[in-house]
Amino acid sequence: MSDVWSLRQLVALAGFSGAAAAALFLLGRKSAQLDAELERREHQEVSKSQAEKAGTPRRTFTRPPTQVECNIQENHLVTFVRQLPTKPLWPRGGGEVHSTAKLVLLCASGKGGVGKSTVSVNLAYSMKQMGFEVGLLDLDIYGPSLPELVRLPPNCVTQNEAGRIIPIDYGGVALMSWGYINPGEASTIRAPIANQIVGQLLTGVEWGPLDILIIDSPPGTGDVLLSIAQTLSVDGSVLVTTSNSISLADVNKGLQLFTKVDIEPLLVVRNMASVCCEACQHEQAIFTDSAMEGLTDFLTERSVGLVDLPLDEKLSQAPLSFQPANALLYPFMRNPQHQERSAWRALRKATRCVLEAALGLKGAGGTSKGPKRQAPASLRIRPGGLLEVRLRGGDLKPLSCGELRANCRCALCVDEMTGEIKIDQEKIRGDLTLKAKSLEQVGNYAVSVLWSDGHQTLVALRALAEMVGGGEKNKTSAW
């Protein structure tokens with residue numbers, strides 16, 4: 001403080017010129033800031049001392065869990081997902097098969113207003129950019145968000161001759177929401193009718209053959225989540241939250257429900273976790289208190305990955321009116337001008353991480369503590385070039401060389417643009433001379449097989465388990 005006072009005296013001797021007066025003002029403001037900082041520190045020391053004397057536990061601040069990292073190339077993810085068995089999208093127990101998918105993913109949250117629908121929409125379009133055939137179903141009957149995020153012309157929903165609903169194609173993603181069918185009528189629907197609508201949307205939409213169906217569930221832990229679990233075989237869920245106590249408490253309730261109905265959490269997206277300055281690119285955390293403690297413990301125990309999604313003004317903007325799909329204006333992930341933004345990169349990372357987890361790689365590169373997930377299967381060559389799969393529980397299952405070779409999804413066997421099969425699968429299945437020559441492990445998620453005909457197949461370990469009927473869930477296969 002003596003240095004500040006000496007400078008003030010020098011300014012006074014200078015005769016208070018205009019420049020000196022400005023300097024005096026700045027010095028006075030700096031002096032006030034220093035005084036305030038000293039007073040704040042003294043107050044903290046007094047509070048700490050009083051708390052220690054009274055035996056009050058000090059509040060600790062918990063570091064957020066480690067961010068999950070992506071380990072698999074995007075083209076390999078596409079190959080591995082398409083190797084999974086096709087399962088019908090119908091009620092468990094029977095019915096006519098009109099739609100199928102390799103994966104069914106649920107996007108959920110314990111409460112509204114955390115950006116769940118924004119995340120689900122952009123995940124769907126991110127997967128489409130990777131090359132998947134994707135469907136997006138909005139099951140929020142009372143407050144559907146999909147029609148606000150992807151605006152379409154009125155009266156765009158149609159039915160086929162069988163009475164099933166035809167999804168709407170926008171930018172290559174098949175969309176359906178009650179808000180498209182009856183816009184503006186959600187608030188007048190009673191709960192029993194709403195449950196019937198949910199059932200119709202789950203089983204009465206003719207998606208056709210999909211790679212991935214994403215279901216955007218309403219917030220909370222109500223009847224809709226139970227209906228989904230009882231109707232379809234869901235491969236896992238993406239949980240969206242923010243770093244505040246209320247949101248995290250509701251997410252934990254949702255996690256408990258998922259455990260009861262056997263829907264596995266694959267990834268947690270912490271929305272609005274930070275804000276990035278567009279001028280200097282500095283990223284500042286928004287929530288830094290101990291509200292993350294409960295989520296941190298859960299993620300550590302279950303090896304569930306976490307991806308932080310920053311607050312971005314472009315991501316939060318919804319279209320005001322319908323725009324043609326070729327304009328590439330919305331959703332956020334479709335706009336090529338957004339690819340350098342941190343939110344775009346975070347959403348792409350979340351897309352890859354949730355697919356890795358769905359393939360059975362949860363824990364690889366995610367939280368550092370907690371048990372690593374054991375591989376779902378391993379492959380070995382028996383005498384004579386035959387194949388054998390060892391499942392996670394230790395069971396051994398024979399695997400036909402022709403069956404595995406016929407289901408190769410490499411660029412030589414399947415057209416990457418159209419999905420058309422370029423090989424004679426039945427001829428390969430019937431070739432008794434086809435043998436496996438060698439195996440090469442690829443990370444902890446796949447194996448490469450060199451065949452006697454010179455071809456090489458890369459197959460995910462989960463796909464091997466499903467092929468021999470050893471998947472974690474009893475799924476109907478239709479290779």
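Whatever comes next refers back to the structure up there.
Scope of this entry: the structure provided in the associated data block.

About the thresholds
- The written sequence of each chain sets the order in which its residues are numbered from 1.
- The predicted origin of the model limits local features to residues at a pLDDT of at least 70 and limits the giving and counting of side-chain atom pairs to 80 or more, whereas totals for whole chains, interfaces and linings rest on all residues.
- Only hydrogens and water are set aside; all other atoms, that is, all heavy atoms of the structure, feed into the side-chain values.
- Labels follow the DSSP assignment, with helices taken as runs of H or I lasting at least four residues and strands as runs of E lasting at least two, numbered in each case from the N terminus.
- Each residue's exposure class comes from its accessible area (1.4 Å probe, protein chains only) as a fraction of the maximum for that residue type: buried when under 20%, exposed when over 50%, partly exposed otherwise.
- Polar contacts, as used here, are pairs of N or O atoms within 3.5 Å; protein pairs need one atom able to donate a hydrogen and one able to accept it. Residues neighboring in sequence count only if both atoms are side-chain atoms.
- Strands pair, by our definition, only if DSSP identifies at least two bridges between them.
- Here an angle of 0 to 180 degrees is reported between the N-to-C directions of two axes, which are lines fitted to C-alpha atoms, with helices fitted over the stretch in contact.
- Here is the rule for handedness: rotate from the far helix to the near one, and if that takes an anticlockwise turn smaller than a right angle the crossing is left-handed, while a clockwise turn gives right-handed.
- Contacts were defined at the residue level, with two residues in contact if any of their heavy atoms lie within 4.5 Å.
- Three classes are used: nonpolar for Ala, Val, Leu, Ile, Met, Phe, Trp, Tyr, Cys and Pro, charged for Asp, Glu, Lys and Arg, and polar for all others, with Gly counted as polar.
- Like charges within 9 Å and nonpolar side chains (Val, Leu, Ile, Met, Phe, Trp, Tyr) within 5 Å are joined into patches, using only residues over 30% in relative accessible area that form no salt bridge.
- Throughout, the Shrake-Rupley method with a 1.4 Å probe supplies accessible areas, and for residues the shown protein chains are the sole cover considered.
- Here a salt bridge means any side-chain nitrogen of Lys or Arg lying within 4 Å of a carboxyl oxygen belonging to Asp or Glu.
- For this analysis, a ring pair means two rings from Phe, Tyr or Trp (six-membered ring only for Trp) whose centres lie within 6.5 Å, classed as stacked if their planes differ by under 30 degrees, edge-to-face if by over 60, and tilted for the remaining angles.

### With respect to the side chain of T79
- Within the element layout of this structure, T79 appears in helix α3 (residues 74–83).
- For T79, a relative accessible area of 16% puts it in the buried group.
- Within the local environment of T79, its side chain forms a polar contact with the backbone oxygen of N75, the two atoms lying 3.1 Å apart.

### What about the sheet that holds strand β17 (residues 396–399)?
- One open sheet accounts for three strands, arranged β15-β16-β17; its pairing is antiparallel. Each end of this open sheet is capped by a strand with a single partner; those strands are β15 (377–381) and β17. Across the sheet, the mean angle from the axis of one strand to that of its neighbour is 30°, orientation sign disregarded.
- Alignment of β15 against strand β16 (residues 387–391), held across five bridges, turns out to be antiparallel. Residue pairing in the sheet places S378 in a bridge with R390 of β16.

### Overview of the packing of helix α7 (residues 191–203) against helix α8 (residues 223–231)
- For the pair α7 and α8, interaxial distance at closest approach is 10 Å and the crossing angle is 35°. Note on packing geometry: the crossing formed by α7 with α8 is right-handed. Of the residues in α8, those touching α7 at N195, V198, L202 and T203 are D223, V224, S227, I228 and T231.
- Its residues assigned to classes, the contact of α7 with α8 comprises four nonpolar, four polar and one charged.

### A look at a nonpolar patch on the surface
- Among the surface-exposed residues, V275, I286, F287 and L311 lie close enough to one another that they form a single nonpolar patch of about 290 Å² accessible area.
- Relative to the helices and strands, I286 resides in the loop between β13 (283–285) and α10 (293–302).

### A closer look at the sheet that holds strand β19 (residues 446–451)
- The strand order across the open sheet built from three strands is β18-β19-β20, with neighbouring strands paired in antiparallel fashion. Two strands close off the open sheet at either side, each with one partner strand: β18 (436–442) and β20 (456–460). Between one strand axis and the next, the sheet turns by 20° as a mean value, whatever way the strands run.
- In this sheet, β20 lies alongside β19 in antiparallel orientation, the contact comprising five bridges. Paired with S448 across the bridge in β20 is L458.

### A closer look at the packing of aromatic side chains
- Under the criterion given, the structure shown has one aromatic pair.
- When the centroid spacing of 5.5 Å and the interplanar angle of 10° are considered together, the rings of Y170 and Y330 count as stacked. One end of the pair, Y170, is in strand β7 (residues 168–170); the other, Y330, is in the loop between β14 (305–311) and α11 (342–361), with 160 residues separating them in the sequence.
- For Y330, a relative accessible area of 6% translates into the label buried.

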